[in-house]
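Architecture and fold: a report
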Amino acid sequence: MAKKTIDQVDVAGKTVLMRVDFNVPLDENQTITDDRRIRMALPSIKSVIDRGGKLILMSHLGRPKGEPSDVEKFSLAPVAKRLGELLGKTVAFSSDTVGADASAKAAALTDGDVLVLENLRFNEGEKKGDAEFAGKLAAMADAYCNDAFGTCHRKDASMVAVPEAMAGKPRVVGHLVAKEIQYLSDAIANPERPFVAILGGAKVSDKINVINNLLGICDSVLIGGAMAYTFSLAKGEAVGNSLVEKDKVDLAKELIEKGGDKLVLPVDTHCGDDFGDPAGCNKEVVPAGAIKDGFEGMDIGPATSAKYSEILASAKTIVWNGPMGVFEKPPFDAGTKAVAQAVADSDSISIIGGGDSAAAVDQLGFADQVSHVSTGGGASLAMLEGKAFAAVDLLDEA
Ligand SMILES: Nc1ncnc2c1ncn2[C@@H]1O[C@H](COP(=O)(O)OP(=O)(O)OP(=O)(O)O)[C@@H](O)[C@H]1O
Ligand SMILES: O=C(O)[C@H](O)COP(=O)(O)O
Ligand SMILES: [Mg+2]
């Protein structure tokens, strides 16, 4: 990739519209539990403001459903506040994205100022890639920068339609996008083998589709997190109240058949009977596929941790996306911790990607013991599959 970067744009006195991925993990009180995605965008942000540019930042956060409680749950206001603390300066925040507040605050920017727009996904046009919505964003600035590596596999309006609408103006990548693409493409171009992928987390319907390609690329694909229960269901086993994607059961059956020994599923499950009270609820470890009614799977069990650790001990390349369990709620962090330990102990190139996965390795203290912590989960998987990023391809060449 030889894309033009933000450092190559003359930004003094100009307004730059920068797409970042500030989709950070939040707890129940909307407190940011891991600010890595904000910190990793700082080099591009500073590149603009230190050279006298006016900066408008836009991002999504979570997956709002168009409900009245969205603003409470998915506002970017806490992120703008955190960014201000990291930069040591006032960061303006607009309560809308393309409305009156955004226009007024954008017009008030002076050289070196920063404005964060409210969550892009509060507008239906964002996920739809709507041209009218994109046109309003595009009209706010003189240049466009994509530094949202974690979102590069999406074709949302801010990723594709906005830079399309800004044809003729500078449209460039930021430091994080350039760095992540470079690192990941080098690491996975000729991976040393055995090459093991670990897939967990909660975005089952998104990521189960990736497994088919991973089976063609990797030597083993280890499954954890909520992903495991759709496979149990495909085998006709008991999953209790666990998170499952019923419309992916046929695909799971095909993957089990195609994967053979390469597709490695949990052998036991740590479950609980109250997701809302993990510490106080009844808990038990059962063989995989024997989850009782009233219980739900919240982590891989100890036998699975031991099995996965053994496979990882001889791996030479590891790509991991998605925690093995609900790591935010001890004791259901045990599986993620055991797998993180095995990754750290292995003599391999290890890449851990994803908003929550990065938070997990940070919180569990393993971030320094892996080769690369990527800000992208779905995005790093898409790179591993060899998928092109439309959101990057259309940007200016260097
Ligand atoms: N068994 C389970 N049941 C329900 N949720 C689970 C289970 N195991 C893991 N999770 C949840 O999965 C979430 C993380 O999944 P996710 O797919 O978003 O990973 P990620 O690393 O953030 O990747 P991305 O960047 O693509 O979002 C965590 O919040 C965790 O609690
Ligand atoms: O966390 C991520 O993987 C990115 O921010 C993209 O979010 P999405 O999966 O909701 O599009
Ligand atoms: Mg996530």
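Residues numbered from 1 in each chain as written. Chains lettered and ligands numbered in written order. Predicted model: local features only at pLDDT ≥ 70, side-chain atom pairs only at ≥ 80, totals over all residues.

1. Details of the UniProt feature "binding site: substrate" (unreviewed entry) in the protein
Per the UniProt entry, the sites bearing "binding site: substrate" (unreviewed entry) are Asp21, Phe22, Asn23, Arg37, His60, Leu61, Gly62, Arg63, Arg121 and Arg154 in this numbering. Within the element layout of this structure, arginine 37 appears in helix 1 (residues 36-39). Once you skip the residues sitting within four places of it in the chain, arginine 37 turns out to touch Asp21, Phe22, Asn23, Val24, Gly150, Gly355 and Thr375. With respect to the helices and strands, the residue histidine 60 is situated in the loop between strand 2 (54-58) and helix 3 (70-74). Residue classification places histidine 60 among the buried residues on the basis of 26 C-beta atoms within 10 Å. Excluding its chain neighbours within four sequence positions, the residues that come into contact with histidine 60 are Asn23, Asn119, Leu120, Arg121 and Glu126. (UniProt positions renumbered as here; feature names shortened; annotations may be inferred. Helix = DSSP H or I, 4+ residues; strand = E, 2+ residues; numbered from the N terminus. Contact = placed C-beta atoms within 7 Å. Buried ≥ 20, exposed ≤ 12 C-beta atoms within 10 Å, placed from the backbone.)

2. Here we look at helix 14 (residues 334-345)
In this model helix 14 runs 16 Å from its N-terminal to its C-terminal C-alpha over twelve residues, within 8% of the 16 Å that 1.5 Å per residue would give. Of all the residues in helix 14, the buried ones are Gly335, Thr336, Lys337, Ala338, Val339, Ala340, Ala342 and Val343. (Expected span 1.5 Å × (residues − 1).)

3. So, the site of ligand 2
Around ligand 2, the neighbouring residues are Asp21, Asn23, Arg63, Gly150, Thr151, Arg154, Gly355, Gly377 and Gly378. Here the shell around ligand 2 is composed, by residue class, of no nonpolar, six polar and three charged. The residue makeup of the shell around ligand 2 includes at least three contributed by each of domain 1 (6-179) and domain 2 (190-384). (Near = placed C-beta within 6 Å. Nonpolar A, V, L, I, M, F, W, Y, C, P; charged D, E, K, R; others polar. Domains from an automatic or database assignment.)

4. A few points about the pairing of strand 16 (residues 349-353)
The buried fraction of strand 16 amounts to four of the five residues, a majority that puts the element mostly inside the structure. Across five bridges, strand 15 (residues 317-321) lies against strand 16 in parallel orientation. Opposite tryptophan 320, over in strand 16, you have isoleucine 352 as the bridge partner. Between the parallel pair strand 15 and strand 16, the chain is carried across by helix 14, and the sense of this crossover is right-handed. Relative to strand 17 (residues 372-374), strand 16 runs parallel, the two being bridged by three bridges. Bridging across to strand 17, isoleucine 352 finds its partner in valine 373. Running through helix 15 (residues 355-363), the crossover from strand 16 to the neighbouring parallel element strand 17 is right-handed. (Pairing = 2+ DSSP bridges. Right-handed = clockwise from strand over helix to strand, strands pointing away.)

5. Observations regarding the site of ligand 1
Close to ligand 1 lie 22 residues, the nearest being Gly201, Gly354, Asp356, Ser357 and Gly377. Of all elements in the fold, only strand 14 (296-300) and helix 15 reach the threshold of two or more residues within the shell around ligand 1. No other element matches the three residues that helix 15 contributes to the shell around ligand 1.

6. A look at the UniProt feature "binding site: ATP" (unreviewed entry) in the protein
If you check UniProt for "binding site: ATP" (unreviewed entry), the listed places come out as Lys207, Gly297, Glu328, Gly354, Gly355, Asp356 and Ser357 in our numbering. Apart from the residues within four sequence positions on either side, lysine 207 is in contact with Leu199, Gly201, Met227, Gly322, Gly378 and Leu381. Relative to the helices and strands, serine 357 resides in helix 15. The exposure class assigned to serine 357 is buried, which follows from the 30 C-beta atoms found within 10 Å. Ignoring any residue separated from it by four or fewer positions in sequence, one finds serine 357 in contact with Trp320, Asn321, Gly322, Pro323, Ile352 and Gly377.

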